[in-house]
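As a plain string of letters, each chain reads:
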Amino acid sequence: MAGHRIFGTPFAEVYPHYLAKVERKGHTKAELDTVIRWLTGFDEAALARHLADETTFEDFFAAAHVHPNAPLITGVICGVRIEELDDPLMRQIRYLDKLVDEVARGRPKTKVLRSA
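Residues numbered from 1 in each chain as written. Predicted model: local features only at pLDDT ≥ 70, side-chain atom pairs only at ≥ 80, totals over all residues. Heavy atoms only, no water.

## A word on the packing of helix α1 (residues 11-24) against helix α2 (residues 29-40)
The description of two packed helices rests on the angle between their axes and on the distance between the axes.
Move 1: Packing of α1 against α2 leaves a shortest axis separation of 9 Å and a crossing angle of 125°. Regarding the angle of α1 to α2, the classification is oblique. Between α1 and α2 lies a crossing whose hand is right-handed. Across the interface between the two elements, Phe 11, Tyr 15, Tyr 18, Leu 19, Val 22 and Glu 23 from α1 touch Lys 29, Leu 32, Asp 33 and Ile 36 from α2. (Axes fitted to C-alpha atoms, helices over the stretch in contact; angles between N-to-C directions. Helix = DSSP H or I, 4+ residues; strand = E, 2+ residues; numbered from the N terminus. Parallel < 35°, antiparallel > 145°, perpendicular 65-115°, else oblique. Left-handed = near helix turned anticlockwise from the far one by under 90°. Contact = heavy atoms within 4.5 Å.)

See the structure below:
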């Protein structure tokens, strides 16, 4: 069975939409990059390389070291509960979507990053 079309979409194609969303709400690229790096374990250089190389979401998350607190990211994205998603890759993509939403809404950084 083929995966969802987002799996083959380059992360670099979606990143500008994430950035526009947070900037439209008065937040910064630095805040966006912080949550992406927290979730994926990438440093600035690795994130920039994935953007430049137009890495697909599938390869982006395959290379990531997803944060151990990521399962604490719960809620509804696109009408679906994140914690009920069966596909691990789709769940990781939705984790990212949820983090971007929280940054855009101005949620405190300690809560967005699921600090213990």
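Back to the write-up after that little detour.
## With respect to the packing of α1 against helix α5 (residues 88-105)
Move 1: Interhelical geometry of α1 versus α5 gives an angle of 25° and a closest axis separation of 9 Å. Between α1 and α5, the crossing angle belongs to the class labelled roughly parallel. The two elements α1 and α5 cross, and the hand of that crossing is right-handed. In this structure, α1 uses Phe 11, Tyr 18, Lys 21 and Val 22 to contact α5, whose residues at the interface are Leu 96, Asp 97, Val 100, Asp 101, Val 103 and Ala 104.
Move 2: Considering only residue class, the contact of α1 with α5 consists of 7 nonpolar, no polar and 3 charged. (Nonpolar A, V, L, I, M, F, W, Y, C, P; charged D, E, K, R; others polar.)

## Side note on the nonpolar core
Move 1: The biggest cluster of nonpolar side chains holds 35 residues, and the ones touching the most others in it are Phe 11, Leu 39, Phe 61 and Leu 96.
Move 2: Counting residues per element, the ones that place at least two in this core are α1, α2, α3 (44-53), α4 (57-63) and α5.
Move 3: Among the elements that make up this core, the one with the highest residue count is α5 (9 residues).
Move 4: For Leu 96, the contacting residues outside a window of four places in its chain are Phe 11, Tyr 18, Ile 36, Leu 39, Phe 57 and Phe 61. (Core = buried A, V, L, I, M, F, W, Y, C linked by side-chain atoms within 4.5 Å. Buried < 20%, exposed > 50% of the residue type's maximum accessible area, 1.4 Å probe, protein only.)

This is a description of form; function is not addressed.
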